[in-house]
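# Architecture at a glance
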Amino acid sequence: RKVETTKTKPKFKAPTKKRFQIIDVEPGSKEWIEWRHLGIGSSDADKVLSNQAKKLLQLKNTKADIGHSEELKLNIDLMQEARELYEEKSGLKVYPLCIEDKRFPWLLSSVDGFSEDFSKLVKISCSKLAYKEAKKDMIPRALLQHQLMITGLEEIDYWCHLQDQEGVLITVKRDPEMINKLYEAEQEFGEKLNIEDSN
């Protein structure tokens, strides 16, 4: 499958009435890694809720390279291919975007796909494990709810793509109970991040 190499720029209007702002960093770049150290991203959400929070805090405060998300290690073209297949299925154009909560700047997210009017949100996974789990209806709940918390949207599409396989699409609804739990854990983590960072 040939992937388009020309990148069309989305006509995003500044999300003035939204609870988030767009951060102009390129996923995978040095600036992006530095930005991720300043707060809690989608892929951190699960760790913050688990017994890995202490280790994550240590890594962030020592500015250690936490390691890119699994998707970034994979070919960027594969993510673009997955995005295009999702667009074919949904009939919508979506674009990768980095966002940050306006009220709580320690809440961050690198979004795999956002429609120009900010009404449609998609998380893309291209790993064999994610695909296998999605087939069994297993999803990265904390990660998805973290993105719903920042965007304020009611649902997110979880799209799993493996080359030469039928894509798996799961629409996940907002879970207010989990979002409250996540927010409390992330707020506590964010405070420790700031306290230890300012020393």
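Residues numbered from 1 in each chain as written. Predicted model: local features only at pLDDT ≥ 70, side-chain atom pairs only at ≥ 80, totals over all residues. Heavy atoms only, no water.

Close inspection of predicted coordinates is inappropriate in any region flagged by low pLDDT. Of the residues in the protein chain, 83% have a pLDDT of 70 or more, and the chain-wide mean is 86. Across residues 1–6, confidence stays below pLDDT 50; counting only partners more than four residues off in sequence or on other chains, it has 10 contacts. (pLDDT = per-residue confidence, 0-100. Contact = heavy atoms within 4.5 Å.)

By size, the foremost hydrophobic cluster in this structure holds 40 residues, and its most contacted members are Ile99, Phe114, Leu121, Tyr158, Cys160 and Phe189. Look past the residues within four positions of Ile99 in its chain and what remains in contact with it is Phe20, Gln21, Ile22, Ile23, Trp35, Leu107, Leu108, Ser109, Val111, Phe114, Ile150 and Thr151. Residues Ala82, Tyr86, Val94 and Trp159 belong to the second largest nonpolar core, which totals 9 residues. (Core = buried A, V, L, I, M, F, W, Y, C linked by side-chain atoms within 4.5 Å. Buried < 20%, exposed > 50% of the residue type's maximum accessible area, 1.4 Å probe, protein only.)

Taken as a whole and judged by the stated rule, the model has 7 aromatic pairs. Grouping aromatic residues by their ring pairs yields a cluster made of Phe20, Phe114 and Phe118. (Phe/Tyr/Trp six-rings, centres within 6.5 Å; stacked < 30°, edge-to-face > 60°.)

Turning next to the pattern of salt bridges. Scanning the entire structure with this criterion turns up 10 salt bridges. One salt bridge in this structure joins Asp175 and Arg141, with 3.0 Å as the shortest N-O distance. Of this pair, Asp175 sits in the loop between strand E6 (168–173) and helix H8 (176–198) while Arg141 sits in helix H7 (residues 141–151), placing them 34 residues apart in sequence. A residue is classified by how much of its surface remains accessible, and Arg141, at 42% relative accessible area, is partly exposed. Between Lys173 and Glu155 there is a salt bridge, with the nearest N and O atoms lying 2.7 Å from each other. You can see Lys173 sitting in strand E6 and its partner Glu155 sitting in strand E5 (residues 155–160), a full 18 residues away along the chain. A single salt-bridge network, built from bridges that share partners, covers Lys120, Glu155, Asp157 and Lys173. (Salt bridge = Lys/Arg side-chain N within 4 Å of Asp/Glu carboxyl O. Helix = DSSP H or I, 4+ residues; strand = E, 2+ residues; numbered from the N terminus.)

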